[in-house]
Each structure stands twice: as structure tokens, then as C-alpha cells.
Amino acid sequence: MRLRRTRATLIFAALTTAMATGACGEAGEDGESSGPEAEVVEDPDFPEGSQMAEYADAGSITIGVKTDQPGIGFQGAGDEAPTGFDIELGKYIAGQLGIPEDDITWEETISDNREPFLQQDRVDLVLASYSITPERRAIVGQMGPYYATGQQLLVREEDKEDITGVDDVNGVEVCSVTGSTSLEQIEEQGGVGRGFDTYSECVEQVRSGAIDAMTTDGAILLGYEAETPDELEVVGDEFSEELYGVGYFPKDDTDFCNFLRDSMQKAIDDGYWADAFEATLGESGIDTPEAPTMDECA
Amino acid sequence: MDVLFEEWRQIVDGFWETIQLLVLSGLIATVLGTLLAAMRVAPVRMMNAIGTSYVNVFRNTPLVVLFILVVFGLPELDIQYTYFEKAVIALSVYTAAFVCEAVRSGINTVATGQAEAARSIGMTFTQTLGRVVLPQAFRAVVPPLASVFIALTKNTSVAAGFGIADATATLSALLNNDPQAAVALFVGIGLGYVLIVAVISTGSHLLERRWAAAR
């Protein structure tokens, strides 16, 4: 109980500081002034009837994102908008459509509902640590990869000598999100998978000592390590390859895919991609990687 | 459709976990619930109060909240159980409240004269309850108890979000791998639950028929 109170006080203190600094930040943005500024194209010209023209004319877009992955897509209680690498890239793509970030609607998508949300038009794009797989590409479009990561392990600081990598997981309980590929992967490696509804619940189990390790994409784990660097540690090499893509629908809209690809290429070329990385995932202290080469739109 | 056959092993494993949860928590809940019902009708004030408070607290707490208390609360107090044990604790503690009320309603169907007759020949409270009242009460309680177990069957799926690889977690995993098979998966896993429920209700019908004659 005492621990809890200390943590609550800390969070409160952090919030107060964040709010205070936010108040001094520019243009009345809600405190997250660290990310790069996404350029908003004035009156972009798109062929009539295309998806791009549709969004540009409407002047708004709905983007599906994760809200429980620090560094990638995260929205704390009371935050007005999510923050993270995926969010910054979403702002850039919207900017290329002439849509300023205030007119973006962020919709939370969890792993299970990303395809249905795209199909039902509840979201226009998905940037939600969305790994490219052939099964997914069979029903929705996935432009990318725009970021490459791999599965790793997160353990308590004091356990980092005992669990140094995937070779040590035999018979060890490891948590992740229920139904995720990471969970299946760790069972193939001999670990005992334990599924939770969200990543935050899983990391809480590691912190409280109920479980020894957490596993998912390294990028997500780094975000949690960055939150409490002296409590948690990411260990071992990546033992899978996850390539993130931008989800869109319908999958055969090649023009839209090409637009997404060109926008992302522009973000990579003009340094926005790297700036966005440094301001989000880079906070955990890792070097900014090279952007992967994106697939051609078929 | 194919995914149901290709992944049958995983689906069966999932349902096996569900059934284990169901049977174990069902048993514990029945024992605990019957004890609580006995407390509620006992001639001791204190016991009545404990029984009543238990039912009021646990029947009115959402199951997910109970799961959070057990799965996230206990480790903070340095009480360590396996995830399966934690799920069984949450499910049986919750279901016991409903079993208690079903059994109590059954006790009320037994004519007062029965208990009075038992007492007049010198039986103690425990003897009256155990030998005269409860055996008759359980007969009346079969249908409502079956409903409680059917609800429990579906409630076990809450454990999927708390470290248990049950049928619902399997659904989630298969869905994530093969989103195209969504409909087949929902229907297939749904039918599995229907099958378990069908077994429970058939069992309850048979018991009801068998015991009804003696009435």
C-alpha cells in the first residue's frame, strides 16, 4: 500500500511538472511540444474520386492507433491526444492531405479489431504497431514497412543476470497480450505464455513480481523501460522480425497505397522520420535506426 | 472453415482449460455456497450476518473487478499463486454467492413442519439441516443451480484476459493469425460453449426427472 501511494505521488508530481512545462510551451499545444512539426500542404491536388481527394475535401481523417504502448502510441488518462512514433507519422501523412493535426480523429484500435475497423470504415488508416503478414494483406492493404523491430524480453532489473535472452525462457512464465503473435512465438521457444488484455497490465505483473518476464516487439518494451529505467530492463537480442505497415482499405487501391508510400518516403528523406523517432522511441536511449526499404505497391 | 480443423489441437487445449476452470470452480463454489446458505439459516445471529454480508459483497462486485483484485492485488501483498489458482479463486468466490442464494431458496421450499419434526425428535441444527432439510432442498435447487453453472461456464472466459489460455484466448489468438476466418472462428468457438452448456442442462433435466418422482 505504501508503495502504491509513493507511486501515485510520483505520477502526480510528474503530471504537475508536465502541465507546468506545457503551459510554457508554444501555441497552446497540450504539453507535447517535443515532436517534430508536421508540414501541412496547402490545397493539395489529387485526382478526382480518389481516396486522397475524399479525405482532403472532407478536411478530416480518422486514424486507428494504439493507446497503451509508450513510445509508439500512448494516451494516458486525461491526455487530450495520444503520443508516440506512430502518432507523429500519422500527423505527417494527414499533413500531406492538407489536414492539420487538430482535424485528425484518433481512434483506439486493439490487435483484434484493426481489420474490422478498416473494413467497416470506422478508421481510414491504421498506424498501430501493425505488423505486416500475408494473412492480413489478404484482406486489407498494408503499406510499408516503415519500421522494423523484433520480439525481445523485458525483465525486472534484479533478474537481468538470470534471464539474459530467449535461451533462458524454457519453462519460465512470460506475459504478453492475449492472442498476440508474441505469445505464440514465446511458447514455441519453450516459455509458458500468459495473456493479458493490455500491455500495461502485463508490465504491472512483471513489476509486482507475479511473473518474471514480458515479451513483445522490442520497440514497445523500450518504451516501458524508458518509463522506469531503474526497475525494468530489456534483455537479449531480437528473436523475430516485425515489420510495421500502414493499414488502409480497400487493399487494391494502388493509388492510395502509392500516395502513402510517397508520403512516408518524403518523411524519411526530409529527416522527419528520424526526428519523430528521436522524440518518441529514441527517448529510451537507443540509436535512431535506418528506415527500412518499403515494398512496392502492387 | 478450414481453420477450425487445422487448429483443432489448439482449440481442444483451450476448451480443456475452460472445462478445468469450470469443474474446479463449480465444485468449490458449491461447497462454499452451501456452507454460506447454512450460515444464513443458522440460529446464530453472527453467522447470519456473515452469510448475508458475503452474498451482498460478492454478488454485487463485477467479476472483472474480483479478477483484478486477485490477480493484481495479491502479488502486491506478496501472496503468490499460479494464474490458474488465481482464476479459480476469483471464479469460485464469485459463484459461491449465487450458489448460496439458490440453495437458500431451496431450503425455503422445504415445509417448516419438516424442520420442526426433526427438532422434536431431538436432532441438532446440523443434523436437521444435513439429514432432513438439505436433501429435500437440493431437489428443488437443481434448475437454479444449473443456471448458476451455465453462467459460470460463460464467466470462465473472463480469465482469458488474466493469464489463462482458455477457449476465448484461443479464439483471440486464431483471430489474430487469420482475420479472414473471423466468422468461422466465432461460430466454431461459440458452438463449443453451447456444447458445454447443453451437457449441463441435459444433466440437470435428467436429475430433475429422476428426483421429481420421489416428491
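It should be noted that the structure appears before, not after, this text.
Rules of the game
Residues numbered from 1 in each chain as written. Chains lettered and ligands numbered in written order. Predicted model: local features only at pLDDT ≥ 70, side-chain atom pairs only at ≥ 80, totals over all residues. Heavy atoms only, no water. Helix = DSSP H or I, 4+ residues; strand = E, 2+ residues; numbered from the N terminus. Buried < 20%, exposed > 50% of the residue type's maximum accessible area, 1.4 Å probe, protein only. Contact = heavy atoms within 4.5 Å. Areas by Shrake-Rupley, 256 points an atom, 1.4 Å probe, with all protein chains shown as cover. Buried area = accessible area lost by both parts, 1.4 Å probe. Salt bridge = Lys/Arg side-chain N within 4 Å of Asp/Glu carboxyl O. Polar contact = N/O pair within 3.5 Å; in protein donor to acceptor, adjacent residues only side chain to side chain. Nonpolar A, V, L, I, M, F, W, Y, C, P; charged D, E, K, R; others polar. Disulfide = S-S within 2.5 Å. Phe/Tyr/Trp six-rings, centres within 6.5 Å; stacked < 30°, edge-to-face > 60°. Lys NZ or Arg CZ within 6 Å of the ring centre and 35° of its normal. Patch = residues over 30% accessible without salt bridge, like charges linked within 9 Å, V, L, I, M, F, W, Y side chains within 5 Å. Arc of directions from axis to C-beta. Expected span 1.5 Å × (residues − 1). Bend = angle between axes of the 7 residues up to and from the residue. Pairing = 2+ DSSP bridges. Axes fitted to C-alpha atoms, helices over the stretch in contact; angles between N-to-C directions. Parallel < 35°, antiparallel > 145°, perpendicular 65-115°, else oblique. Left-handed = near helix turned anticlockwise from the far one by under 90°.

Draft legend 1. Region of the structure containing the overall build of chain B. Scanning chain B from terminus to terminus reveals nine helices and zero strands. Mapped from its N terminus to its C terminus, chain B presents α and β elements in the order α-α-α-α-α-α-α-α-α. Seen along its three principal axes, the alpha-carbon backbone of chain B occupies a region of about 70 × 50 × 20 Å. Expressed as a percentage of the 215 residues in chain B, the buried residues total 44%. Put simply, 77% of the contacts in chain B that link residues at least 6 apart link residues at least 24 apart. About 10900 Å² of surface is accessible on chain B, with carbon and sulfur atoms providing 66% of the total.

Draft legend 2. Summary view of the interface of chain A and chain B. Taken together, the contact between chain A and chain B spans 26 residues of the former and 21 residues of the latter. Summed over both sides, the interface of chain A with chain B buries roughly 2100 Å², with 47% coming from carbon and sulfur. On inspection of chain A and its partner chain B, the count reaches zero salt bridges. Our count for the chain A to chain B interface comes out at nine residue pairs in polar contact (both at pLDDT 80 or more). Secondary-structure elements contributing two or more residues to the side of chain A that touches chain B are helix 4 (114-119), helix 5 (134-137), helix 6 (181-188), strand 9 (192-196) and helix 7 (199-208) of chain A. Across the side of chain A that touches chain B, the residue classes break down as five nonpolar, nine polar and twelve charged.

Draft legend 3. Up close: the state of the cysteines. All names here are of chain A. Tallied over the full model, the rule gives two disulfides over all chains. Between the sulfur of Cys 175 and that of Cys 202 lies a disulfide, 2.1 Å long from S to S. Between Cys 175 and Cys 202 the disulfide shows an S-S torsion of about 90°. By sign, it is right-handed. Taken together, the residues Cys 175 in strand 8 (residues 173-177) and Cys 202 in helix 7 connect sequence positions 27 residues apart. Accessibility expressed as a relative area gives 0% for Cys 202, which makes it buried. A disulfide bridge connects Cys 257 with Cys 297, and the sulfur atoms are separated by 2.0 Å. Taking the sign of the S-S torsion, -75° for the link of Cys 257 and Cys 297, the bridge is left-handed. Separated by 40 residues along the polypeptide, Cys 257 in helix 9 (residues 254-269) and Cys 297 in the segment after helix 10 (272-279) bring together distant segments of the chain. Judged by relative accessible area, Cys 257 falls into the buried class, the value being 6%. Each bonded cysteine of chain A is numbered by sequence order, and under that numbering the disulfide pairs are 1-2, 3-4.

Draft legend 4. Fine view of the packing of aromatic side chains. Applying the stated criterion across every chain yields a total of 19 aromatic pairs over all chains. Taking NZ or CZ as reference, Lys86(B) lies 4.5 Å from the ring centre of Tyr83(B), over its face.

Draft legend 5. Spotlight on a nonpolar patch on the surface. The grouping of Trp16(B), Ile19(B), Val23(B), Leu24(B), Leu27(B) and Ile28(B) at the surface amounts to a nonpolar patch, some 550 Å² of accessible area in total. Among the structural elements, Leu24(B) can be located in helix 2 (residues 8-41).

Draft legend 6. Examining unusual backbone geometry more closely. For the bond running from Gly144(A) to Pro145(A), omega is 5°, close enough to zero to count as cis. Within the fold, Pro145(A) resides in strand 6 (residues 141-149). For the peptide bond that leads from Phe249(A) to Pro250(A), omega is -5°, which places it in the cis range. Its identity is not glycine, yet Asp121(A) carries a phi of approximately 65°, on the positive side. Along the chain, Asp121(A) turns up in the loop between helix 4 and strand 5 (125-126). Even without glycine at this site, Asp78(B) takes up a positive phi of about 65°.

Draft legend 7. Expanded view of helix 10 of chain A. Residues and elements named next belong to chain A. Inspection of helix 10 places Tyr 272, Trp 273, Ala 276, Phe 277 and Ala 279 among the buried residues, and these make up the whole buried set. Seen end-on, helix 10 carries its buried residues on one side only, within an arc spanning 170°. For helix 10, the elements touching its buried residues are helix 3 (85-96), strand 6 and helix 9.

Draft legend 8. Molecular detail of the environment of Thr181(A). Secondary-structure assignment places Thr181(A) in helix 6. When the C-alpha atoms of Thr181(A) and Tyr224(A) are compared, they prove to be 19 Å apart, with 43 residues separating the residues in sequence. Apart from the residues lying within four places of it in its own chain, the contact partners of Thr181(A) are Asn176(B) and Asn177(B).

Draft legend 9. Quick peek at helix 7 (residues 125-155) of chain B. Counted at 1.5 Å a residue, the expected span for helix 7 of chain B with its 31 residues is 45 Å, but the 35 Å between its end C-alpha atoms falls short. The largest bend in helix 7 of chain B comes to about 55°, at Val141(B), with the proline Pro143(B) one to four residues further on.

Draft legend 10. Main features of the sheet that holds strand 7 (residues 151-156) of chain A. Residue and element names in this part refer to chain A. Here we have five strands laid out as an open sheet, ordered 9-8-10-7-11, and mixed in their pairing. Only two strands of the sheet have a single neighbouring strand rather than two, namely strand 9 and strand 11 (232-235). Neighbour to neighbour, the strand axes of the sheet diverge by 35° on average, direction disregarded. Contacting strand 7, strand 8, strand 9, strand 10 (213-217) and strand 11, helix 7 runs over the sheet at an angle of about 150° to strand 10. Taken strand by strand, helix 8 (residues 218-227) contacts strand 7, strand 10 and strand 11, and its axis lies near 130° from that of strand 10.

Draft legend 11. Main features of the packing of helix 2 of chain B against helix 7 of chain B. Residues and elements named next belong to chain B. At a minimum axis separation of 10 Å, helix 2 and helix 7 run at an interaxial angle of 135°. As the angle between them shows, helix 2 and helix 7 are arranged oblique. Helix 2 and helix 7 meet at a crossing whose hand is right-handed. Of the residues in helix 7, those in contact with Leu 22, Ser 25, Gly 26, Thr 30, Thr 34, Ala 38 and Val 41 of helix 2 are Phe 125, Leu 129, Leu 134, Phe 138, Phe 149, Leu 152 and Thr 153. Each residue belonging to the contact of helix 2 with helix 7 can be placed in one class, and the counts come to nine nonpolar, five polar and no charged.

Draft legend 12. Up close: the pattern of salt bridges. All names here are of chain A. All told, the structure shown has 19 salt bridges over all chains when counted by the stated rule. Notably, a salt bridge pairs Lys 91 with Glu 101, separated by 3.6 Å at the nearest N-O pair. Of this pair, Lys 91 sits in helix 3 while Glu 101 is found in the loop between helix 3 and strand 4 (104-108), placing the two residues ten residues apart along the sequence. Overall, Glu 101 belongs to the partly exposed group, its relative accessible area being 29%. Salt-bridge contacts for Lys 160 lead to Glu 233; the nearest nitrogen and oxygen are separated by 3.8 Å. Remark: Glu 233 occurs in strand 11 and Lys 160 occurs in the loop between strand 7 and strand 8; sequence separation between them is 73 residues. Residue classification places Lys 160 among the partly exposed positions, given a relative accessible area of 29%. Each of Arg 156, Glu 158, Asp 159 and Asp 212 takes part in a single network of salt bridges with overlapping partners.

All quantities given are derived from atomic positions and should not be read as evidence of function.
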